[in-house]
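Reading the structure
Next come the chains, spelled out residue by residue.
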Amino acid sequence: MKNLDLPVVKFTAEQNEFRKTVRQFLLSERERGTFQTHADSWMSGYSYEVSKKLGAQGWIGMTWPKEYGGQERSAIDRYIVTEELLAIGAPVAAHWFADRQSGPLFLKFGTEEQKQFFLPKISKGECYFSIGLSEPNSGSDLASIQTRAEKVEGGWLVNGMKTWTSGAHHSHYMITLCRTSPKDEKNRHGGMSQFVIDLAAEGITIQPIQFLTGEHHFNEVFMDNVFVPDNRVVGEIGNGWEQGMAELAYERSGPERILSTFPLLQETVEYLKEQNDVSGLAQALQLVSRMWSLRNMSIGVAQMLEEGEDVSLAASLVKDLGTKLEQAVAETVRLLVETKPSVTSERLIDRLMAESVLHGPGFTLRGGTTEILRGIVAKGVLA
Amino acid sequence: MSEMLEYIVDATNKILKKNVTKELIDASEQGEWSGKLWNTLVEAGLVSIGIDEELNGTEGDAIDAFAVLRLAGKYAAPVPIFETIIAGWLLADQQVETTYQPTSFIMDWESDLTGPEFVLKQVPWGRHVSQVVYIGNVNGRAKLILLPTADAEVKQNQNIAGEPLDDLHFRSIDMEALTQFEVEKEDLAEKVLNIGVLGKSAMMAGAMEQVLELSVFYANERQQFGRPIGKFQAVQHHLAALSSETAVVLAALNYAVASFEDGTIKEELPLAKMKISEAAGAVAGIAHQLHGAIGMTHEHQLHQVTRRLWAWREDFGNEMHWAKKLAKEYVDQNELTLWDFITEEKRGNVHAGSII
């Protein structure tokens with residue numbers, strides 16, 4: 001039986017001070033109108049201005065070496081920044097994926113040239129990445145992808161299609177998982193490789209997929225004989241699956257799997273407090289108890305990542321529970337506060353409720369469906 | 001985990017695994033005293049953990065003690081180890097040497113003990129303990145007193161896990177002759193509540209670990225449609241849900257225990273107990289669904305842990321008790337936003353009530 005204990009992380013006095021600095025900065029930026037609070041803003045809120053300002057503060061790529069534009073700060077410091085951004089619902093989607101996944105991928109598997117070329121730009125909040133994994137016929141069964149890259153003189157020729165690509169219309173590059181040798185049923189996870197595709201390259205067509213609200217954050221990305229030079233292969237040819245799976249640990253255990261609807265919960269608690277509604281508050285606080293517990297777990301995973309431990313099981317546990325909590329916030333709040341959910345309402349709680357309900361279905365799908373995560377967990381504990 | 005703690009956990013695990021059988025728990029529920037197990041625990045120093053050597057204790061800290069209680073919960077050890085450890089700490093605070101006698105404790109600020117005759121209601125393990133530490137009003141003063149139970153009349157009662165919860169009728173107590181101490185009500189009440197909640201929470205976390213282990217075992221062993229039921233996705237999802245609830249309960253417990261040990265515990269206490277009590281019902285329910293009919297039988301051991309979860313989630317305040325208390329505090333005095341409240345280090349006080 002696997003031990004399910006995770007490290008307990010207590011923030012130091014310096015870290016608490018740092019949190020205050022970040023919070024103060026964000027509050028004053030919101031005050032001066034740089035951004036507004038939205039639910040699920042890490043996925044759907046784009047502001048180049050906010051991304052650049054955060055870059056200027058040194059809060060993107062902050063754990064990376066200084067020579068690549070980083071600050072060499074700890075994973076826990078980074079955790080604090082991401083939490084503060086989520087809690088205030090700041091529009092951070094533009095740089096989020098590069099900061100979370102693409103940068104660490106380059107650091108781990110990239111060439112020196114790639115690190116020098118991409119990382120400083122990412123950390124300034126000026127260079128954005130999308131993640132090219134899913135395809136029309138490859139969702140949860142990711143190993144069945146068909147986009148292929150063929151070796152040509154000086155590089156690779158990529159043909160195929162990616163879908164559900166968040167922010168491709170804002171991003172400069174897409175880390176793209178491609179098949180580089182034919183599928184082998186005996187080795188399903190072999191023969192795949194990761195490429196950095198320039199989204200402005202010839203042969204790329206980006207088409208929006210409207211979200212159920214009509215908003216545009218997903219895309220289909222078509223690749224028709226797109227030339228990728230040899231120096232834009234990430235890591236080793238044939239090692240794409242392992243490299244991609246390592247990224248997922250970062251993706252699945254972070255605070256964005258717990259706090260997507262936090263702005264709604266905070267607004268609700270403020271409202272209930274004003275109303276002196278102790279019974280309503282008590283119900284809201286039960287969500288807070290779940291959130292607090294999960295937060296301890298998620299920070300524990302961040303600590304394990306820092307120590308280089310395998311967190312695939314723990315990250316799956318966090319995401320499964322966290323995303324259900326994100327959905328439960330709206331379902332609980334709607335019975336505590338009367339709202340008219342509306343994305344155009346002037347009443348903040350109406351708007352946050354609308355965003356939380358409408359974006360809700362995605363929480364338990366994106367980044368690995370609950371069903372896939374539970375399969376990973378069950379295999380882990382049954383073994 | 002420190003080396004010392006690792007050693008304690010390893011040794012305790014071995015002792016409990018070897019000595020706590022389903023039959024032993026059944027016999028305890030029939031009223032038998034698990035004397036042999038108790039003596040083994042006494043000899044291993046586990047009932048006096050967290051008490052200084054000069055008071056006959058085993059040394060060690062609260063983290064060690066809660067780790068032992070987590071294992072006691074896991075194996076459903078049918079002895080008052082939780083009560084004895086906590087009573088021992090309260091006595092040690094008054095410089096009373098520990099005697100290794102099974103001891104219970106009860107806190108009640110509603111009534112006033114005047115003697116010579118009174119009834120203590122619902123004393124955990126009342127029929128088997130030699131003494132009870134009573135915390136409450138005695139002749140109008142806040143006191144901690146030590147009551148020998150030899151002459152008390154026992155009216156038997158038990159919780160849904162079959163753990164004794166007896167009324168003790170004392171007929172002629174010479175109040176003056178008792179070992180007794182004047183106490184600061186607020187401080188002591190808070191301390192008792194802190195260690196009571198954490199100790200019970202640790203036991204519940206252990207019980208949930210056991211439920212998960214039993215479920216994994218059963219899913220691998222039980223065959224239907226020609227294969228182990230653990231091969232079916234629907235069953236795998238139950239296992240995943242059990243794992244995630246158990247993991248998050250441990251995260252809540254471990255954080256709260258660490259806060260207790262470093263002296264900063266405030267809202268961590270109610271937040272942890274709320275999560276753990278809520279998870280108890282979910283975990284028990286899923287495990288029974290996974291085990292099917294066999295899990296409902298007395299013959300199977302699942303009920304020995306699930307009934308404990310159902311009983312213990314009500315002890316020391318269930319999730320709504322703590323939610324209301326926290327909500328009231330929050331409305332009365334909290335100027336902080338929710339995010340400040342979650343992330344601030346020092347945040348107001350949640351006062352103890354008389355709920356034990």
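Fair warning: this is a prediction, and the values are worked out from it, not measured in the lab.

1. A closer look at the overall build of chain B
Each helix and strand in chain B was counted, giving 11 helices and 9 strands. Projected onto its principal axes, the C-alpha coordinates of chain B cover approximately 70 × 55 × 40 Å. When the 356 residues of chain B are sorted by exposure, 62% land in the buried category. Counted over contacts in chain B with a minimum sequence separation of 6, partners at least 24 positions apart contribute 74%. Within the structure as shown, chain B displays about 14500 Å² of accessible surface, and the carbon and sulfur contribution to it stands at 48%. Of the charged side chains in chain B, 30 are positive and 52 negative, and the gap between their average positions amounts to 8 Å.

2. Some words on the interface of chain B and chain A
In this assembly, 54 residues from chain B lie in contact with 48 residues from chain A. Carbon and sulfur atoms supply 70% of the area that chain B and chain A bury against each other, a total of about 4500 Å² over both sides. The three residues of chain B that bury the most area against chain A are Y255(B), L338(B) and W339(B), which together make up 17% of that side's buried surface. Inspection of the region where chain B meets chain A yields 3 salt bridges. D5(A) is the salt-bridge partner of R70(B), the closest N and O atoms lying 2.7 Å from each other. In this structure, the connection of chain B to chain A is made through 13 residue pairs in polar contact (both at pLDDT 80 or more). Secondary-structure elements contributing two or more residues to the side of chain B that touches chain A are α6 (185-221), α7 (233-261), α8 (268-291), α10 (319-333) and α11 (338-343) of chain B. No other element matches the 18 residues that α7(B) contributes to the side of chain B that touches chain A. For the side of chain B that touches chain A, the per-class residue count stands at 27 nonpolar, 13 polar and 14 charged.

3. Topic: helix α3 (residues 48-57) of chain A
Among the residues of α3(A), those classed as buried are V50(A), S51(A), L54(A) and G55(A). One side of α3(A) holds all its buried residues, which, seen down the axis, span an arc of 140°.

4. Overview of the pattern of salt bridges
Counted under the stated rule, the structure contains 45 salt bridges over all chains. The salt bridge partner of D340(B) is R23(A), with a shortest N-O separation of 2.4 Å. Residue D340(B) is found in helix α11, and its partner R23(A) is found in helix α1 (residues 13-31); the two belong to separate chains. Like R23(A), D340(B) is buried. For the salt bridge of E163(B) with R308(B), the shortest nitrogen-to-oxygen distance reads 3.9 Å. Of this pair, E163(B) sits in the loop between β5 (153-155) and β6 (165-170) while R308(B) sits in helix α9 (residues 302-312), placing them 145 residues apart in sequence. Salt bridges linked by common partners bring R19(A), R23(A), E83(A), E84(A), R295(A) and D340(B) together as one network.

5. Describing the packing of aromatic side chains
Under the defined criterion, the tally for this structure stands at 25 aromatic pairs over all chains. Ring geometry for F106(A) and F129(A): centres 5.7 Å apart, planes at 75°, overall edge-to-face. You can see F106(A) sitting in helix α5 (residues 93-109) and its partner F129(A) sitting in strand β1 (residues 129-132), a full 23 residues away along the chain. Pair check on accessibility: F106(A) and F129(A) agree, each one buried. With a centroid separation of 5.8 Å and 70° between ring planes, the pair formed by F225(B) and F232(B) is classed as edge-to-face. Residue classification places F225(B) among the exposed positions, given a relative accessible area of 76%. Members of the aromatic cluster, connected to one another through ring pairs, are F106(A), F117(A), F118(A), F129(A) and Y173(A).

What counts and how
Along each chain, residue indices are assigned from 1 in the same order as the chain's sequence is written. Chain letters start at A and ligand numbers start at 1, both assigned in the order the entries are written. The model is predicted, so local features are restricted to residues of pLDDT at least 70 and side-chain atom pairs to those at 80 or more, both for listing and for counting; the totals for chains, interfaces and linings are taken over all residues. Excluding hydrogens and water, the side-chain figures rest on all heavy atoms present in the structure. Where helices and strands are cited, they refer to DSSP runs of H or I of at least four residues and of E of at least two residues respectively, numbered from the N terminus. Burial classification: accessible surface area is computed with a 1.4 Å probe over protein chains only, and a residue below 20% of its type maximum counts as buried, one above 50% as exposed, and the rest as partly exposed. Contacts: residue pairs with any heavy atoms within 4.5 Å of one another. Per-residue and other accessible areas were derived by the Shrake-Rupley procedure at a 1.4 Å probe size, with only the shown protein chains allowed to occlude residues. None of His or the chain ends enter the tally, which takes Lys and Arg as positive and Asp and Glu as negative. Charged groups are reduced to one reference atom each: NZ for lysine, CZ for arginine, CG for aspartic acid, CD for glutamic acid. Put simply, buried area is how much 1.4 Å-probe accessible surface two parts lose in total, over both of them, once they are put together. Counted as salt bridges are all cases of a side-chain nitrogen of Lys or Arg within 4 Å of a carboxyl oxygen of Asp or Glu. Two N or O atoms count as a polar contact when they lie within 3.5 Å, although within protein this holds only if one can serve as hydrogen donor and the other as acceptor, and sequence-adjacent residues are included solely when both atoms are side-chain atoms. Residues are grouped as follows: nonpolar covers Ala, Val, Leu, Ile, Met, Phe, Trp, Tyr, Cys and Pro; charged covers Asp, Glu, Lys and Arg; every other residue, Gly included, is treated as polar. Note: the arc covers the axis-to-C-beta directions of the helix. Aromatic pairs are defined between Phe, Tyr and Trp rings, using the six-membered ring for Trp, whenever the two ring centres lie within 6.5 Å; interplanar angles under 30 degrees are classed as stacked, those over 60 as edge-to-face, and all others as tilted.

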